[in-house]
Amino acid sequence: MKDFIQKYKYELLLFALLQHLFIGVFLTDLPLYTSVIWPINMLVLGVASIGVFVEKGKWKNVLRNLLFVMVFALPIGLSFFSNSQGYYIFLNIAYVAYFIFIFYEIIRFLVKPSYINQDIILASTCGYLLLIEISTFFLQYCFTQNPGSFSGIDSKNNATTYMDFVYFSSITMTSIGYGDILPASYFTKLAVSIFGIVGQFYTVVLVGILISKFTARQSKQQ
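Just so we're clear, the structure is a prediction, and the values are computed from it rather than from any experiment.

What counts as what
- Residues numbered from 1 in each chain as written.
- Predicted model: local features only at pLDDT ≥ 70, side-chain atom pairs only at ≥ 80, totals over all residues.
- Heavy atoms only, no water.
- Phe/Tyr/Trp six-rings, centres within 6.5 Å; stacked < 30°, edge-to-face > 60°.
- Helix = DSSP H or I, 4+ residues; strand = E, 2+ residues; numbered from the N terminus.
- Lys NZ or Arg CZ within 6 Å of the ring centre and 35° of its normal.
- Salt bridge = Lys/Arg side-chain N within 4 Å of Asp/Glu carboxyl O.
- Buried < 20%, exposed > 50% of the residue type's maximum accessible area, 1.4 Å probe, protein only.
- Contact = heavy atoms within 4.5 Å.

A. Focus on the packing of aromatic side chains. Scanning the entire structure with this criterion turns up 21 aromatic pairs. Between Phe138 and Tyr141 the ring centres are 6.1 Å apart and the planes differ by 40 degrees, which places this aromatic pair in the tilted class. With Phe138 and Tyr141 both in helix α6 (residues 118–145) and three residues apart, this pair spans about one turn of that helix. A connected cluster of aromatic rings, assembled from ring pairs, spans Tyr33, Trp38, Tyr95, Tyr98, Phe99, Phe137 and Tyr162. The ring of Tyr186 is capped by Lys189, whose NZ or CZ atom sits 5.4 Å from the centre of that ring.

Here is the structure:
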């Protein structure tokens, strides 16, 4: 099992991120998402991230395990602390930390090899989705602290709020910007601007990295 996870680590991570971010496409019972689907999503994501940290050192694996236990347990706790703003703020902070931790390892992998292969392509896609995850939970943290910091968010339950921020983060990263959801405070306006710049910067730098790796591979073959 461990060998399988290590061999297909980026395929598994890509699948896990996609199902975590966009499973709402297939859901009609949104309350079910918070109580059942969300913990299952995080279990899948936690298992999928194991391969990224194989042979990365003991302390990194220990930290990954601690963060994973936290982000898996926190959605379950929402059933008991659904009315606690502090609990939900802590949940968002934990998720931001967890996804930044994985994103850091992805970036380290992308810049090291002098070749381009399937893993490089899959890892680069995972990096982009991780940026959306980080943006989603950071902006959700801002909204939890100050509900007036965004307009157009459906906040009737945790599932609708999360899915709105996945949507908003995705269109911000891709520079689409439909305008149906808007930051309404100076802090969130600047935060959204930063995420938009980071998304574009990641794309530009990634294209440069891929081109340089492809060029290096062609030179070696010649």
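What follows picks up the thread again.
B. Local environment of the pattern of salt bridges. If you walk through the whole model with that rule in mind, you get two salt bridges. Here Glu105 ties to Lys60 by a salt bridge, and the two come within 2.6 Å at their closest N and O atoms. Residue Glu105 is found in helix α5 (residues 85–111), and its partner Lys60 is found in helix α4 (residues 58–77); the two are separated by 45 residues along the sequence. Pair check on accessibility: Glu105 and Lys60 agree, each one buried. A relative accessible area of 1% places Glu105 in the buried class.

C. Highlighting unusual backbone geometry. The phi torsion at Ser175 lies on the positive side, around 60 degrees, for a residue other than glycine. Mapping Ser175 onto the fold places it in the loop between α7 (158–173) and β2 (182–183).

D. Inspection of the side chain of Asn41 at higher detail. Inspection of the secondary structure assignment puts Asn41 in helix α3 (residues 30–48). Looking at Asn41, the relative accessible area reads 2%, which means it is buried. If we skip the residues at most four places from it in the chain, Asn41 touches Gln19, His20, Ile23 and Tyr33.

All we've got here are geometric facts, nothing functional implied.
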